[in-house]
Amino acid sequence: MMQAETEKSNHYIFAESEMADRTRQYDWAATSLGPISSWPVSLLNTVNQILDSSFPMFIWWGPDFIQFYNDAYLQILGNDEKSKHPAALGQMGPVCFQEIWEVIHPLLSQVLSTGKPVYLEDQLMPIYRKGVLEQIYWTFSYNMIRTANGEAGGILVVCSETTNTMGCQQQIVKKQEEQRKNDFMSMVSHELKTPITSLSAYLQLLESKSKKTQDHFTTNAVHKSLSQVKKMTTMINGFLNISRLESGQIQIDRETFDMALLLREIEDEFLVTTNSHQIKVTTPCKHLLFADRDKISAVINNFITNAVKYSPAGTAVEVSCEIVKDVLQVSVSDQGAGISDIDKHQIFKRFYRSDTAAAGLVSGFGIGLYLCAEIIQHHQGQIWVEDNVSGKGSVFHFSLPVG
Ligand code: ADP
């Protein structure tokens with residue numbers, strides 16, 4: 001635009017802002033609107049009003065929906081090289097907002113033909129911003145701008161982006177859903193515990209009775225039943241722990257205990273219950289640790305149970321414990337198929353199971369290692385699995401600070 005024209009525009013557009021400058025300097029003569037001096041007063045007044053406002057405002061004017069907007073609206077469009085700004089100024093609506101024109105055009109036509117405003121809250125209108133299609137929520141109103149003789153001249157848009165508020169609300173809803181699921185899981189687990197405890201008590205009674213009468217068949221059957229009940233109890237406790245954990249109720253009750261003794265106890269238990277594998281535990285001499293004994297025991301049990309579950313019968317499962325620098329490290333290795341590099345990064349996540357495990361070949365819920373990781377983290381320790389070396393099986397470790 002020529003210098004003289006810009007100076008003339010100063011008599012029509014008064015605000016001092018980036019968009020006021022751009023509006024003054026724009027070559028309006030090249031558009032269907034013509035130079036500013038020829039604009040209808042209603043348009044000029046409305047343009048001056050929006051340019052002065054700190055609230056995001058926008059105008060679509062005339063049959064071509066020629067656009068105007070203020071600095072606050074500019075912030076919504078974004079100000080990088082991929083943004084709709086500054087091209088959006090003076091541009092035609094259907095060109096600028098191609099991606100949503102089909103949705104908004106009927107609304108605009110309705111406002112222009114009836115003169116009645118439209119007000120919508122938290123509407124999802126995806127628009128291209130910073131070069132990508134963003135899912136953006138808006139609260140906005142469309143009001144008709146009338147010309148001096150009362151006819152429809154254009155549309156004034158007052159809007160605000162509510163994406164953040166909506167994002168927060170969605171998060172709150174998601175959290176509430178999670179909470180409900182947790183409460184349900186916790187309730188079911190609690191309810192299951194009572195019958196299982198009495199089932200276990202009756203089975204133990206039966207076991208001692210059948211031993212006395214030397215009823216070998218019953219003794220054997222009851223022994224197997226008891227080991228299934230134990231599996232069920234472990235699962236239920238797992239679910240209970242998950243719901244406790246997710247509602248922030250997990251408690252670490254530290255006490256001083258001897259790790260060597262704990263490992264020997266675990267070994268004894270596995271020797272009684274597992275005859276499919278050779279479980280070898282290399283215990284250190286006495287080593288005192290200040291940690292939650294039951295929970296650390298659950299982690300070791302989980303490592304060994306998994307090693308047994310995921311390796312062929314007849315192979316060895318080795319458990320060792322050593323002090324490396326100022327940490328105590330427990331390792332469990334097996335001679336199974338090992339863990340793929342992809343699974344390696346996922347197995348400590350809640351409900352994650354490898355494809356083979358999930359295919360129903362081995363039962364489980366994918367919560368054991370997640371709980372182990374949480375327990376170890378609550379102890380400021382580390383948990384990891386070694387890189388897969390073909391034919392070597394897997395090696396799981398955790399370490400805890402000592403002293
Ligand atoms: P679950 O055994 O109930 O599926 P976990 O959380 O204990 O749940 O284990 C998660 C997944 O990690 C398992 O589904 C399995 O794919 C894999 N995994 C765990 N331990 C081993 C192991 N020793 N060898 C091979 N894969 C394992």
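Heads up: these notes are all about the structure in this document. Predicted model only: the values in this text are computed from it and were never measured.

1. Concerning the overall build of the chain
No. 1: The helix and strand inventory of the chain stands at 13 helices and 14 strands.
No. 2: Within the span of the chain, comprising 403 residues, buried residues form 43% of the whole.
No. 3: Considering only contacts within the chain whose residues lie at least 6 apart along the sequence, 61% involve residues at least 24 apart.
No. 4: Put simply, the chain shows about 22,500 Å² of open surface, and 54% of that area lies on carbon and sulfur atoms.

2. Details of the sheet that holds strand S13 (residues 382-385)
No. 1: What the five strands build is an open sheet, ordered S9-S11-S12-S14-S13; its pairing is mixed. A single partner strand is all that each edge strand has here, and the edge strands are strand S9 (278-282) and S13. Strand-to-strand twist of the sheet, defined as the mean angle between neighbouring strand axes without regard to direction, takes the value 15°.
No. 2: Two strands pair when backbone bridges link them, and S13 and strand S14 (residues 395-401) are joined in this way by four bridges, in the antiparallel orientation. Bridge pairing in S14 links tryptophan 384 to histidine 397.
No. 3: Relative to S9, helix H9 (residues 259-273) is tilted by about 170°, and along the sheet it contacts S9, strand S11 (316-324), strand S12 (327-333) and S14.

3. Some thoughts on helix H13 (residues 368-378)
No. 1: A large share of H13 lies buried, amounting to eight of its 11 residues.
No. 2: Listed in full, the buried residues belonging to H13 are Leu369, Tyr370, Leu371, Cys372, Ala373, Glu374, Ile375 and Ile376.
No. 3: Glutamine 380, located one to two residues past H13, shows a positive phi value of around 60°.

4. Observations concerning the site of the ligand
No. 1: Within the structure, the ligand sits among 21 residues, and Tyr310, Asp334, Arg353, Ser354 and Leu369 are positioned closest to it.
No. 2: A distance of 3.0 Å separates an oxygen atom of the ligand from a polar backbone atom of phenylalanine 365.
No. 3: Contacts to the ligand include glycine 366, whose backbone N or O atom sits 3.1 Å from an oxygen atom.
No. 4: Starting from 530 Å² of accessible surface for the ligand in isolation, the protein chains cover 95%.
No. 5: Residue assignment for the shell around the ligand shows that the elements contributing at least two residues are helix H10 (293-309) and H13.

5. Description of the environment of leucine 226
No. 1: Within the secondary structure layout, leucine 226 lies in helix H8 (residues 216-246).
No. 2: C-alpha separation for the pair leucine 226 and threonine 273, spaced 47 residues apart in sequence, amounts to 9.9 Å.
No. 3: Discounting residues that sit within four places of it in the chain, leucine 226 has contacts with Ser200, Leu203, Gln204 and Glu207.

6. Some remarks on the packing of H8 against H13
No. 1: Contact geometry of H8 with H13 gives a least axis separation of 10 Å together with a crossing angle of 50°. Our classification of the angle between H8 and H13 gives oblique. The chirality of how H8 crosses H13 is left-handed. Residues Gly238, Asn241, Ile242, Leu245 and Glu246 of H8 lie in contact with H13, whose contacting residues are Tyr370, Leu371, Glu374 and His378.
No. 2: Of the residues in the contact of H8 with H13, the class split is four nonpolar, three polar and two charged.

7. A closer look at the nonpolar core
No. 1: Core analysis: the biggest nonpolar cluster contains 49 residues, and Trp39, Ile59, Trp60, Phe68, Tyr69, Phe97 and Tyr142 have the highest contact counts within it.
No. 2: Examining the composition of this core, we find that six residues originate from one element, helix H6 (residues 98-114), more than from any other.
No. 3: Ignoring any residue separated from it by four or fewer positions in sequence, one finds tryptophan 39 in contact with Ile13, Trp28, Leu33, Gly34, Leu44, Val47 and Phe68.
No. 4: Listed in part, the 36 residues of the second largest apolar core include Ile279, Ala307, Val308 and Val385.

8. Things to note about the pattern of salt bridges
No. 1: Evaluation of the coordinates by the stated rule reveals eight salt bridges.
No. 2: Where glutamate 265 meets arginine 293, a salt bridge forms, and the shortest distance between an N and an O atom there is 3.1 Å. One end of the pair, glutamate 265, is in helix H9; the other, arginine 293, is in helix H10, with 28 residues separating them in the sequence.
No. 3: Judged by its relative accessible area of 17%, arginine 293 is buried.

9. Brief notes about the packing of helix H7 (residues 163-212) against H8
No. 1: Relative to each other, H7 and H8 sit at 160°, their axes nearing to 8 Å. The angle between the axes of H7 and H8 places the two elements in the roughly antiparallel class. In the packing of H7 onto H8, the handedness of the crossing is left-handed.

10. Structural notes on unusual backbone geometry
No. 1: Omega for the bond connecting histidine 85 with proline 86 falls within 30 degrees of zero, at 5°, which places this linkage in the cis form.
No. 2: Tracing the chain through its elements places proline 86 in the loop between helix H4 (71-77) and helix H5 (93-96).
No. 3: With a phi close to 55°, phenylalanine 65 is a non-glycine residue in the positive phi region.
No. 4: Residue position: phenylalanine 65 is located in the loop between strand S1 (57-61) and strand S2 (66-69).

11. Topic: the sheet that holds strand S7 (residues 152-161)
No. 1: In spatial order, the strands read S2-S1-S7-S6-S3; together these five strands make up an open sheet with antiparallel pairing. Both edges of this open sheet fall to S2 and strand S3 (118-124), since each of them pairs with a single strand only. Mean inter-strand twist for the sheet, computed between neighbouring axes without regard to direction, equals 20°.
No. 2: Taken together, the four bridges between S1 and S2 define a ladder with antiparallel strand orientation. Across the sheet, residue tryptophan 61 finds its bridge partner in S2, namely isoleucine 66.
No. 3: Helix H3 (residues 41-52) contacts S1, S2, strand S6 (137-146) and S7 of the sheet and is inclined by roughly 160° relative to S1.

Reading the values: the criteria
- Residues numbered from 1 in each chain as written.
- Predicted model: local features only at pLDDT ≥ 70, side-chain atom pairs only at ≥ 80, totals over all residues.
- Heavy atoms only, no water.
- Helix = DSSP H or I, 4+ residues; strand = E, 2+ residues; numbered from the N terminus.
- Buried < 20%, exposed > 50% of the residue type's maximum accessible area, 1.4 Å probe, protein only.
- Contact = heavy atoms within 4.5 Å.
- Areas by Shrake-Rupley, 256 points an atom, 1.4 Å probe, with all protein chains shown as cover.
- Pairing = 2+ DSSP bridges.
- Axes fitted to C-alpha atoms, helices over the stretch in contact; angles between N-to-C directions.
- Near = heavy atom within 4 Å.
- Polar contact = N/O pair within 3.5 Å; in protein donor to acceptor, adjacent residues only side chain to side chain.
- Parallel < 35°, antiparallel > 145°, perpendicular 65-115°, else oblique.
- Left-handed = near helix turned anticlockwise from the far one by under 90°.
- Nonpolar A, V, L, I, M, F, W, Y, C, P; charged D, E, K, R; others polar.
- Core = buried A, V, L, I, M, F, W, Y, C linked by side-chain atoms within 4.5 Å.
- Salt bridge = Lys/Arg side-chain N within 4 Å of Asp/Glu carboxyl O.

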